[in-house]
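Listed here are the chains, written in short residue letters.
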Amino acid sequence: MSEPVVKYEIEDGVAILTLNRPKSLNSMSLELINGWLEKLHTAEHDPAVRVVVLTGEGRGFCAGGDLASLDNLKTTEERRQFVAQAGMVVKLIYSMSKPVIAMVNGVAAGAGFNIALACDLCYAAKGVKFIQSFANIGLAPDCGGYYFLAKAVGLSKAKELMFTARPVEAQEALSLGLVNDVFDAGELREKTMAAAKQIAGAAPLALAMMKKEINNYGASLDETLTYESMAMAMLLGTEDFREGIKAFSEKRPPVFQGK
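Everything numeric here is computed off the predicted structure, so don't read it as measured data.

Undergrad: Help me understand the packing of helix α4 (residues 111-118) against helix α5 (residues 145-153), please; the structure alone is not making it clear to me.
TA: Pairs of packed helices are described in terms of their axes, by the angle between the two and the distance that separates them. At a closest axis distance of 9 Å, the pairing of α4 and α5 adopts a crossing angle of 60°. Here α4 is positioned oblique relative to α5, judged by the angle of their axes. Relative to α5, α4 is oriented so that their crossing is left-handed. Facing α4, whose interface residues are F113, N114, L117 and A118, α5 presents G145, F148, L149 and A152.

Undergrad: Please clarify how unusual backbone geometry should be interpreted in this entry.
TA: Although it is not a glycine, C143 sits at a positive phi angle of roughly 50°. For C143, the location among the structural elements is in the loop between β8 (129-131) and α5. Taking the relative accessible area as the measure of exposure, C143 reaches 4% and is therefore buried. Phi is positive for K251, which is not a glycine, with a value near 55°. Positionally, K251 belongs in the segment after α11 (239-249). Note on K251: relative accessible area 75%, which makes it exposed.

Undergrad: Where do I start with the side chain of Q132 in this structure?
TA: Looking at the element boundaries, Q132 is found in the loop between β8 and α5. For Q132, a relative accessible area of 1% corresponds to the buried category. At a separation of 2.7 Å, a polar atom in the side chain of Q132 contacts the side chain of N114. Among residues more than four places away in sequence, those in contact with Q132 are F113, N114, P141, L149, L161, M162 and A165.

Undergrad: Please explain the pattern of salt bridges as it appears in this structure.
TA: Side-chain pairs of opposite charge can arise whenever the charged atoms involved come near each other. Taken as a whole and assessed by the stated rule, the structure comprises 14 salt bridges. The partner of R189 in a salt bridge is E9, and the shortest N-O contact between them spans 3.9 Å. One end of the pair, R189, is in helix α8 (residues 188-200); the other, E9, is in strand β1 (residues 6-11), and 180 residues separate them in sequence. Residue E9 is classed as partly exposed on the basis of its relative accessible area of 37%. Overlapping salt bridges bring together E9, E11, D12, R189 and K197 as one network.

Cut-offs used in this document
- Residues numbered from 1 in each chain as written.
- Predicted model: local features only at pLDDT ≥ 70, side-chain atom pairs only at ≥ 80, totals over all residues.
- Heavy atoms only, no water.
- Axes fitted to C-alpha atoms, helices over the stretch in contact; angles between N-to-C directions.
- Helix = DSSP H or I, 4+ residues; strand = E, 2+ residues; numbered from the N terminus.
- Parallel < 35°, antiparallel > 145°, perpendicular 65-115°, else oblique.
- Left-handed = near helix turned anticlockwise from the far one by under 90°.
- Contact = heavy atoms within 4.5 Å.
- Buried < 20%, exposed > 50% of the residue type's maximum accessible area, 1.4 Å probe, protein only.
- Polar contact = N/O pair within 3.5 Å; in protein donor to acceptor, adjacent residues only side chain to side chain.
- Salt bridge = Lys/Arg side-chain N within 4 Å of Asp/Glu carboxyl O.

So this is what it looks like as structure tokens:
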């Protein structure tokens, strides 16, 4: 039996989704896209999962769209459906209630770059490259690139990276705010998993509320204050809040149940 195109494992409340097309640097065929969506849905609805980590097998995180697959799309509608399906990966990452962390082990090009941007946090290995590679092959960004890149680095820098398609190494990506931290390749998994497990110990309902509203960045102050009052009113009535108060008074780590 062949290995799945997206591997799925759970470790201490963290679901690890590994893209498994290493010979093509985990480029996105329709099979990989559908496998990715399936595993993301599984993680979202699994109560044992508190945090999701995305990474790639081999030398790449994700090299974007699989060029052979793209070249085989013969009609405008087939092409539109393929790009829309790839976009669903980004939509699910962004909208799911659980924090998603990109563990960028190798090149993140094109759509792969944009999917890393869609994650809530991003950690990269030293020396890996992020490339808005679309201009090099006569294409324009997909998978939310217009939305996420300008938010991350500002309009002028986003235009530069898109227009020139120049590689951005991990250390520059850190200085631009594209990644949260950079580690030696041999330490990437250990350090990323440590961060993921720390977050997995937090209150799930509170994390979901935080992610939803911070992704609504740009809302007015009045809209934000209204959301805060609704969210806090709900959270103040949860078992997790009572556990947090009890743990604080007993000087011990809280054990949250998502209730």
